[in-house]
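What follows is the residue order along each chain.
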Amino acid sequence: MSSKRADKLKNLEKMEELASKAKDKSAELVIFPELCVTGYINRDQFYELAETIPGPTTERIEKMTRQKGLHVVFGIPEISAKTRGTLFNTAVFIGPEGLIGKYRKMHLPTHSVFEEKRYFRLGYQAATFETQLGNIGMCICYDLFFPEIIRLIRLKGAQLIICISASPAVRKEYFEILAAARALENTAYLAYVNLAGVEDGLQFWGGSRLVSPSGKVLAKASYDVPDLVFCEADFGDLRSAEAFIPTLRDLRPELFDQLKRETENL
Amino acid sequence: MKLDPSVLEIDLAETTKRATRFIKEYIENSGAAGIVIGLSGGVDSNTVAALTSQAIGGDKVLGLMLPEKETRSQKDIEDAIIVAEKFGLKTELCDITPVLQSFYKAIPIFDQSDRLCKGNIKARTRMIYLYYYANKLNRIVCGGSDKSETMMGYFTKWGDVAADIYPIIDLYKTQVRKVAAHLGLPRELAEKTATPALWPNQLAEAELGIRYETLDLILYGIEVFMETGEIAKQMSLEREFVDRIKNRLLVSEHKRRVLMGPKLGYRTLGADFRLPRSTY
């Protein structure tokens, strides 16, 4: 989807409309892009737009998921309930029985056109949730450049890794490569869901997709413009993928200790 | 990195798509009825004429030709008309000489011999025409600034650079020429020698003291954080020469920014009062 900047009401209406369409096609899980509730470019307005979780937006989405029996993932600027000015770039997971969980983005891009660290606090918890649909992990956009976090999500049991994103056009090639690579190296399904449309001159390239555990793109949305695509992830296929290229079996834990040491001494 | 012409190669179809999409979305969201551009007959404005017409339709693009006595070129006017006819945009010609002469007479300290200050009046007068038409017709002004001249500060502050959107500002001059050819501009127009036309016989490359093919590679090197010594070495140039180019970029930053003031309050406009450029 594309978002209307700083217009939560309009974006929520759009999300509800899309969720209804998805439900009509018997979808069980609907995924929306990073910060889709407010749009990506809001600069100082993030302070006015951010909400607690739970909060008005999650309550509204919960009402819908309960009515429709749907699971929904979406992005929203979150404000810490304990402070008045500490924000997070958060992915929220809501199911037919209410809030399942949330993930606060751990890698905040603050380079090139990105200024996320100026507004958001880093998250500290990787997120994988056991749901009626299976084990589902979440990450956000720039996280995909870091194999460690995706590996962690997978090791926590994720069968499907969801990456919600707001990626501008010049980065399309990188994310297309990374989405396939992260799925393949972790032998897990990976749903990459990107914003479309233009905000403040930044053109988001859409192109959302579901990648199979063997790196195959199973469904792909249109580039640049809003689109709704459907696809089935059959977790029964994970065994054959894991047996064919057994990356999880062949993991070497001692490397992670070295990785930590070397990262600290970079 | 090897600094050769291949680093400036771009996907022309993708670049054109991005630029036209940018223009189209901006117009749709802003609610403007169309676009006004200054049509000098040069490659930048001709390219922008083509891009804007492709993006929103030539009937919504008005190209203003604003010649004046000292630099008037029938060839430039004819070149602009060729492009306007090819891409279906409307044109209007207003000779700005009488307005300029009024300025020359009215400004108490006006100095006929100072061609730069005088030339800047021409660029700023054109800006006034463009914005009058835009205001009156509920349109926006689309600028024709390219990355090479903008990085070099080779423009008139509040003059030719004044616009609402800049579709080719992230393209070096040599890249603009390729986009122009890709859009179907005649080869002669895509390769046309650049001139700001602030005074007779003014040529951009002669004034800058460098060919665009060389300048663009130096600027690209600077853009990707290469050291000037390395750029000079790779291009077989004097280090001091490359340093001078970089210095032009550094000293002209004030021309690319607006609202410079002291920090006095809680959030300061132009500094840390950070808002999106528009409400859409």
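Residues numbered from 1 in each chain as written. Chains lettered and ligands numbered in written order. Predicted model: local features only at pLDDT ≥ 70, side-chain atom pairs only at ≥ 80, totals over all residues. Heavy atoms only, no water.

Asks: Teacher, can you tell me more about the overall build of chain A here?
Replies: Helix and strand counts for chain A come out as 8 helices and 12 strands. Projected onto its principal axes, the C-alpha coordinates of chain A cover approximately 50 × 45 × 35 Å. Relative to its full complement of 266 residues, chain A shows a buried share of 53%. Taking the intrachain contacts of chain A between residues at least 6 apart in sequence as the baseline, contacts between residues at least 24 apart amount to 66%. Surface accessibility of chain A: about 12,200 Å² in total, with carbon and sulfur atoms responsible for 51%. Counting 35 positive and 35 negative side-chain charges, chain A places the centres of these two groups 2 Å from one another. (Helix = DSSP H or I, 4+ residues; strand = E, 2+ residues; numbered from the N terminus. Buried < 20%, exposed > 50% of the residue type's maximum accessible area, 1.4 Å probe, protein only. Contact = heavy atoms within 4.5 Å. Areas by Shrake-Rupley, 256 points an atom, 1.4 Å probe, with all protein chains shown as cover. Lys, Arg positive; Asp, Glu negative; His and termini not counted. Charge placed at Lys NZ, Arg CZ, Asp CG, Glu CD.)

Asks: What's the story with the overall build of chain B in this structure? I'm lost.
Replies: Scanning chain B from terminus to terminus reveals 13 helices and 4 strands. Taken over C-alpha atoms, the radius of gyration comes to 19 Å for chain B, in line with the 19 Å a tight globule of 280 residues would show. Projected onto its principal axes, the C-alpha positions of chain B cover 50 × 50 × 50 Å. Counting every position in chain B, which comprises 280 residues, the buried fraction comes to 49%. Element-wise, carbon and sulfur atoms account for 56% of the exposed surface of chain B, whose accessible area totals about 14,400 Å². (Rg over C-alpha atoms; globule rule 2.2 N^0.38 Å.)

Asks: Explain the pattern of salt bridges to me, please; I cannot follow it from the model alone.
Replies: Residues and elements named next belong to chain A. All chains considered together, the criterion is met by 43 salt bridges over all chains. A salt bridge links Glu-16 to Arg-60, with the shortest nitrogen-to-oxygen separation between them at 2.7 Å. With Glu-16 in helix α1 (residues 8-24) and Arg-60 in helix α3 (residues 56-68), the pair connects residues that are 44 residues apart, well separated along the chain. A salt bridge links Glu-242 to Arg-154; its shortest N-O distance comes to 2.8 Å. With a gap of 88 residues between them, Glu-242 in helix α7 (residues 238-244) and Arg-154 in helix α5 (residues 147-155) connect regions that are remote in the sequence. (Salt bridge = Lys/Arg side-chain N within 4 Å of Asp/Glu carboxyl O.)

Asks: Is there a simple way to think about the side chain of B:Arg21 in this case?
Replies: Considering the arrangement of structural elements, one finds B:Arg21 in helix α1 (residues 12-30). Side-chain polar atoms of B:Arg21 contact the backbone oxygen of A:Phe204, separated by 3.4 Å. Apart from residues lying up to four places away in sequence, B:Arg21 is in contact with A:Gly197, A:Val198, A:Gln203, A:Phe204 and A:Asp224. (Polar contact = N/O pair within 3.5 Å; in protein donor to acceptor, adjacent residues only side chain to side chain.)

Asks: What is the right way to read the interface of chain A and chain B from this model?
Replies: Accessible area lost when the parts come together is the quantity often used to give the size of an interface. Between chain A and chain B, the contact holds 20 residues from the first and 16 residues from the second. Taken together, the connections running from chain A to chain B amount to 6 salt bridges. Across the chain A-chain B interface, the total number found is 14 residue pairs in polar contact (both at pLDDT 80 or more). For the side of chain A that touches chain B, the elements supplying multiple residues, two or more each, are α4 (116-119), β9 (196-199) and β10 (202-205) of chain A. The leading source of residues in the side of chain A that touches chain B is β10(A), at 3 residues. Residues of the side of chain A that touches chain B, tallied by class, amount to 6 nonpolar, 5 polar and 9 charged. (Nonpolar A, V, L, I, M, F, W, Y, C, P; charged D, E, K, R; others polar.)

Asks: What is the right way to read the confidence of the model for chain B from this model?
Replies: When pLDDT is low, close inspection of the predicted coordinates is not appropriate. Residues with a pLDDT of 70 or more make up 100% of chain B, whose mean pLDDT is 96. Here the predicted complex carries an ipTM of 0.85, next to a pTM of 0.92. (pLDDT = per-residue confidence, 0-100.)

Asks: What is the right way to read the sheet that holds strand β1 (residues 34-38) of chain B from this model?
Replies: One key point about sheets: their strands pair by backbone hydrogen bonds, in either a parallel or an antiparallel sense. Residues and elements named next belong to chain B. With parallel pairing, 4 strands are arranged side by side in an open sheet as β3-β2-β1-β4. Both edges of this open sheet fall to β3 (90-93) and β4 (139-141), since each of them pairs with a single strand only. Each strand of the sheet is rotated relative to its neighbour by a mean of 25°, with strand direction disregarded. Where β1 and β4 come together, 3 bridges link them in parallel fashion. Bridge pairing in β4 places Val-36 opposite Val-141. Against the sheet, helix α2 (residues 43-56) contacts β1 and β2 (61-65), and its axis sits at roughly 170° relative to β1. (Pairing = 2+ DSSP bridges. Axes fitted to C-alpha atoms, helices over the stretch in contact; angles between N-to-C directions.)

Asks: What is the right way to read the side chain of B:Asn120 from this model?
Replies: Checked against the element boundaries, B:Asn120 lands in helix α5 (residues 115-136). Among all residues touching B:Asn120, those that are not within four sequence positions of it are B:Thr156 and B:Leu198.

Asks: Looking at this structure, I do not really get the packing of aromatic side chains. What am I missing?
Replies: Given two aromatic rings, one states the distance between the centres and the angle between the planes to describe the pair. Residue and element names in this part refer to chain A. A full pass over the atoms with the stated rule returns 16 aromatic pairs over all chains. Between Phe-46 and Tyr-119, the ring centres sit 6.0 Å apart and the planes meet at 55°, which makes this aromatic pair tilted. Here Phe-46, found in helix α2 (residues 46-49), pairs with Tyr-119, found in helix α4; they are 73 residues apart in sequence, far enough to count as distant. The burial state of Phe-46 is the same as that of Tyr-119; both residues are buried. (Phe/Tyr/Trp six-rings, centres within 6.5 Å; stacked < 30°, edge-to-face > 60°.)

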